[in-house]
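Structure at a glance
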Amino acid sequence: MTHTTTSFADAITHRRTIYQLTKTSPISDQKIKEIASLVISQVPSSFNSQSTRMVVLLKEHHDKFWGIVNDILKGMVPEDQWAHTSQRLGGFRGGYGTVLFYEAPEPVKKLQTNFPQYADKFPTWAEHTSAMHQFAMWTALETEGMGCNLQHYNPLPDQKAAAEWNIPLDWSLKAQLVFGGLAEGARENLPKLDKQPVEEKLFVHGA
Ligand SMILES: Cc1cc2nc3c(=O)[nH]c(=O)nc-3n(C[C@H](O)[C@H](O)[C@H](O)COP(=O)(O)O)c2cc1C
């Protein structure tokens, strides 16, 4: 496996939400698979549940997923809002791939049985576990020159996606990370974010 040499600080600073994507990946499919393998094997989970499942859809599979979302939403979104929705979905479809983040229920149920005192907490911790994988994947892909954005079109496509990619129906879809090459100026034109002063959000005692 090849290792990236970007520092962790540089990687988390470089990560942004990028919507202007292309269908040309700056890295090979093999490298994408390596990054996904690294993330799924090294990112921690609550009580080591290892409940996260990632489905990586590339090229025509990515197109198909966003086609499914498009078809479902077309029947739901009011006509006067459709142009906006359809344009947004077209943007996602214009990328190279999508990572679907699922949580499998079995590991969580097992923990609830084994640790009944935390039973009500495990579903929340499963959400945290998923989020950790999402952040790691997002940051790692952007470190390699990809642009990414995170979406939440769930549970709408769950059933059709399950049928299409042989995904167990009881896996719960949490988020979709869209990724692709950077359209010209996509990173340069990103809005400067309004950041709340660190002192209002970070409190250190004892340093
Ligand atoms: C937990 C979480 C959920 C998000 N959900 C969405 C989403 O559904 N759609 C979207 O376009 N962006 C989504 N975003 C992107 C945020 O709006 C974005 O990260 C934030 O405004 C900071 O901008 P940056 O990513 O460029 O640093 C999400 C981000 C996080 C961390």
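The present account deals with the structure reproduced in this document. (Residues numbered from 1 in each chain as written. Predicted model: local features only at pLDDT ≥ 70, side-chain atom pairs only at ≥ 80, totals over all residues. Heavy atoms only, no water.)

On to the overall build of the protein chain, then. Regarding its fold elements, the protein chain presents seven helices and five strands. Its helices and strands taken in sequence order, the protein chain reads α-β-α-β-α-α-β-α-α-β-α-β from the N to the C terminus. Relative to a compact globule of 207 residues, whose C-alpha radius of gyration would be 17 Å, the protein chain shows 18 Å and is just as compact. Once the C-alpha set of the protein chain is aligned to its principal axes, its extents read approximately 50 × 45 × 40 Å. Buried positions account for 42% of the 207 residues belonging to the protein chain. Put simply, 86% of the contacts in the protein chain that link residues at least 6 apart link residues at least 24 apart. By element, 54% of the accessible surface of the protein chain is carried by carbon and sulfur atoms, the whole surface being about 12100 Å². Put simply, the protein chain has 20 plus and 22 minus side-chain charges, and the middle of one group is 2 Å from the middle of the other. (Helix = DSSP H or I, 4+ residues; strand = E, 2+ residues; numbered from the N terminus. Rg over C-alpha atoms; globule rule 2.2 N^0.38 Å. Buried < 20%, exposed > 50% of the residue type's maximum accessible area, 1.4 Å probe, protein only. Contact = heavy atoms within 4.5 Å. Areas by Shrake-Rupley, 256 points an atom, 1.4 Å probe, with all protein chains shown as cover. Lys, Arg positive; Asp, Glu negative; His and termini not counted. Charge placed at Lys NZ, Arg CZ, Asp CG, Glu CD.)

A separate point is the nonpolar core. In terms of nonpolar packing, the biggest core is built from 25 residues, with Phe-65, Trp-66 and Leu-89 touching the most fellow members. Sorting the residues of this core by element identifies β2 (52–58), α3 (60–74), α4 (79–93), β3 (97–103), α7 (158–165) and β5 (172–182) as the ones contributing at least two each. The biggest single contributor to this core is α3, with six residues. Non-local contacts of Phe-65, meaning those with residues more than four positions away in its chain, are made with Leu-57, Leu-100, Pro-157, Ala-161, Trp-165 and Gln-176. In this structure, Ala-36, Val-43, Tyr-96 and Phe-179 belong to the second largest nonpolar core, which totals 19 residues. (Core = buried A, V, L, I, M, F, W, Y, C linked by side-chain atoms within 4.5 Å.)

All right, on to empty space enclosed by the protein then. Enumeration according to the criterion identifies one cavity of 30 Å³ or more in this entry. Reported here for the largest cavity is a volume of approximately 40 Å³. Among the elements that take part in the lining of the largest cavity, helix α6 (residues 122–143) stands out by supplying four residues, more than any other. Residue classes in the lining of the largest cavity are distributed as five nonpolar, four polar and no charged. (1 Å grid on protein atoms, 1.4 Å probe; cavity = no way out; pocket = protein on both sides within 12 Å on 5 of 7 lines; lining within 4 Å. Points joined across faces, edges and corners; volume = space filled by probe spheres on them. Nonpolar A, V, L, I, M, F, W, Y, C, P; charged D, E, K, R; others polar.)

In this model, the second largest pocket occupies a volume close to 190 Å³. Its residues assigned to classes, the lining of the second largest pocket shows two nonpolar, one polar and three charged.

Around the ligand, a shell composed of Arg-15, Arg-16, Thr-17, Tyr-19, Arg-88, Trp-138, Leu-150, Gln-151, His-152 and Leu-193 is seen. One of the side-chain nitrogen or oxygen atoms of Tyr-19 is found 2.5 Å away from an oxygen atom of the ligand. Bound to the protein, the ligand loses 56% of the 620 Å² it would expose on its own. Taken together, the residues of the shell around the ligand break down into four nonpolar, three polar and three charged. (Near = heavy atom within 4 Å. Polar contact = N/O pair within 3.5 Å; in protein donor to acceptor, adjacent residues only side chain to side chain.)

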